Amino acid sequence: MKTWAPCSRTAVSLGVTALEETPYSPPLASSAAGLMFSVDDGVRGREPWVSNGVPSAGTRLLKDLFPGVEGSDPRWFTQVGNQVFFAATDPVVGRELFVSDGTSEGTRRVKDIWPGAVGSFPNELFAFKGLLYFTAGDPVHGRELWRSDGTSAGTVLVEDLEVGPEDSSPYRFTQGGDDALYFLRTERGIFTLLMRTEGGPGAVEVFRTPIDQGFPSPLTPVGRKLFFFEGGGHGGGGSHGKSGTLMATEAGAPPVVLGHFGMTGDLAAVGGRLLFSASPHMVTEDMELWRSDGTVVGTTLVEDLRPGPEGSYPEHFAVLGTQLFFAADDGIHGVEPWDSDGTEPRTRLFGDLEAGAGSSFPDALRTLEGLLFFSASIRNRGSEPWVGDGVRISTVALTEIAPGPRSSNPKNFMRSQDYVFFTAEDASGVRGLYSLLVRPDGDCPR
């Protein structure tokens, strides 16, 4: 098996500012030509760009879709096979679905889904079984479930879930371990429904809850089970979710209730189990790391990292192999990176990066090709990018992007070809795109 390593500790600025994401809206996508993203160069408005990781000639405008200073404002970049789909505004037909193979000639509007200048406003783009699934509107069906193979003829309404012009507005698409597509939708503005489909018409309702309860966390597949929290109306708050009921469904069967929690946080699949952050009671904020195998008796606390009522607040989950990496505060070392395999003996402080009671505040954790990328802050250095292979001794900071105590706040780590890309702020506070050459160990240029 190949092991990958950065070829240096210096990330290179690509000289462009990147689109900032909105929740669940990917701002970057890999393509055959390199990374695709959105940039406003001050002349042509915000348009799609592509980079092979090399500054200057290697980072270029892909296509000026909306000539002039207004720009097409491309968003929701989503790779499906060798194509990248995105939503953009066309000067004639409004906001519609586009596709690109990474070349200017191969970047085009897919279909005018809402005929005329109104636009169908595609969003929630998601790759499933070699096709793009997404939400879009037309005057007959409202906002419903669509799919596309990148051609006009192959871009079709999958199902009118809320019959007529009313919207079902499907969102939060997730591929389950049973190879089905799960998503949420609304019904008459009263209920939120969890749905399951094999990819065609005939989506089946798995579970419903009043719309003011909702699903506060992502749907998380673990093997053939799909875990989720049904949100409660009381408790919780801050940067973590409301109170919630942990539930699991297997292949669309009626969900099983696994436990009730006062606050809910991140979830991840690790070693065939669910690891999640939660507080067991409504009256405390004792957020700690829990695990579940999909049964009531198998839903238990992993370890009380911070004994007492305050909680260690595990968050920013990222999985590397069979280990979960996360940020937590044990009350002694401050907020630092931890790792766990879901058992108490193997749940430990990964590194006290800001030695003592101070915090390094790990954030934006992401695993790519067996490497862990994240943001961390140490004294007189601010929040800067770090990289490691899951072993503390080989986890190092990259060269400072914003020198001194100012933070560059790196995030959106993504690999495309031989580069890992991310966005960060320079010394003047402008967020731009950066690249780092990463190759199989021993295969770096000399």
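Preceding block: the structure.
Residues numbered from 1 in each chain as written. Predicted model: local features only at pLDDT ≥ 70, side-chain atom pairs only at ≥ 80, totals over all residues. Heavy atoms only, no water.

## Some words on the overall build of the protein chain
When helices and strands are tallied, the protein chain shows zero helices and 37 strands. The globule rule puts the C-alpha radius of gyration for 446 residues at 22 Å, and the 23 Å found for the protein chain is close to it. Counting only C-alpha atoms, the protein chain reaches 60 × 55 × 40 Å along its principal axes. Here the analysis covers contacts within the protein chain between residues at least 6 apart in sequence; of these, 44% occur between residues at least 24 apart. Per element, the accessible surface of the protein chain, about 18000 Å² overall, is 54% carbon and sulfur. Of the side-chain charges in the protein chain, 37 are positive and 57 negative, and the distance between the mean point of each set is 4 Å. (Helix = DSSP H or I, 4+ residues; strand = E, 2+ residues; numbered from the N terminus. Rg over C-alpha atoms; globule rule 2.2 N^0.38 Å. Contact = heavy atoms within 4.5 Å. Areas by Shrake-Rupley, 256 points an atom, 1.4 Å probe, with all protein chains shown as cover. Lys, Arg positive; Asp, Glu negative; His and termini not counted. Charge placed at Lys NZ, Arg CZ, Asp CG, Glu CD.)

## Brief notes about the packing of aromatic side chains
Within this structure, the stated rule accounts for 20 aromatic pairs. Ring geometry for phenylalanine 207 against phenylalanine 215: centres 6.3 Å apart, planes inclined by 85°, an arrangement best described as edge-to-face. Assigned by exposure class, phenylalanine 207 and phenylalanine 215 land together as buried. Ring pairing ties together the aromatic residues Phe229, Phe261, Phe276 and Trp290, which thus form one cluster. The ring of phenylalanine 191 is capped by arginine 208, whose NZ or CZ atom sits 4.8 Å from the centre of that ring. (Phe/Tyr/Trp six-rings, centres within 6.5 Å; stacked < 30°, edge-to-face > 60°. Buried < 20%, exposed > 50% of the residue type's maximum accessible area, 1.4 Å probe, protein only. Lys NZ or Arg CZ within 6 Å of the ring centre and 35° of its normal.)

## Topic: the environment of serine 120
Mapped onto the secondary structure, serine 120 falls in the loop between β10 (108-111) and β11 (123-128). We classify serine 120 as buried; its relative accessible area is 1%. Put simply, serine 120 and glycine 142 are 22 residues apart on the chain and 9.3 Å apart in space, counted from C-alpha to C-alpha. The residues contacting serine 120, other than those within four sequence positions of it, are Arg95, Glu96, Ile113, Trp114, Ala136, Gly137 and Arg143.

## Section: the sheet that holds β10
Taken in spatial order, the four strands line up as β7-β8-β9-β10 in an open sheet, and their pairing is antiparallel. Each edge of the open sheet carries a strand with a single partner, namely β7 (75-80) and β10. Direction aside, the axes of adjacent strands within the sheet are offset by 40° on average. As defined by bridge partners, β7 adjoins strand β8 (residues 83-90) across four bridges and the pair is classed as antiparallel. By the bridge assignment for β8, valine 80 is matched with glutamine 83. (Pairing = 2+ DSSP bridges. Axes fitted to C-alpha atoms, helices over the stretch in contact; angles between N-to-C directions.)

## Structural notes on the nonpolar core
Of all hydrophobic cores here, the largest spans 15 residues; its most connected members are Leu371, Phe373, Phe413, Val420, Phe422, Tyr434 and Val438. For this core, the secondary structure elements donating two or more residues are β32 (371-378), β36 (419-425) and β37 (431-440). The residues touching valine 438, leaving out its near neighbours within four places in the chain, are Trp4, Ala5, Pro6, Leu371, Phe373, Asp418, Tyr419 and Val420. (Core = buried A, V, L, I, M, F, W, Y, C linked by side-chain atoms within 4.5 Å.)

## Regarding the pairing of strand β24 (residues 273-279)
Extensive coverage of β24 is indicated by the burial of six of its seven residues. Both strand β23 (residues 263-270) and β24 contribute to a ladder of six bridges, which runs antiparallel. Counterpart to alanine 269 in the pairing with β24 is leucine 274. Where β23 folds back on β24, the antiparallel hairpin that results is connected by two residues, among which glycine 271 adopts a positive phi of roughly 55°.

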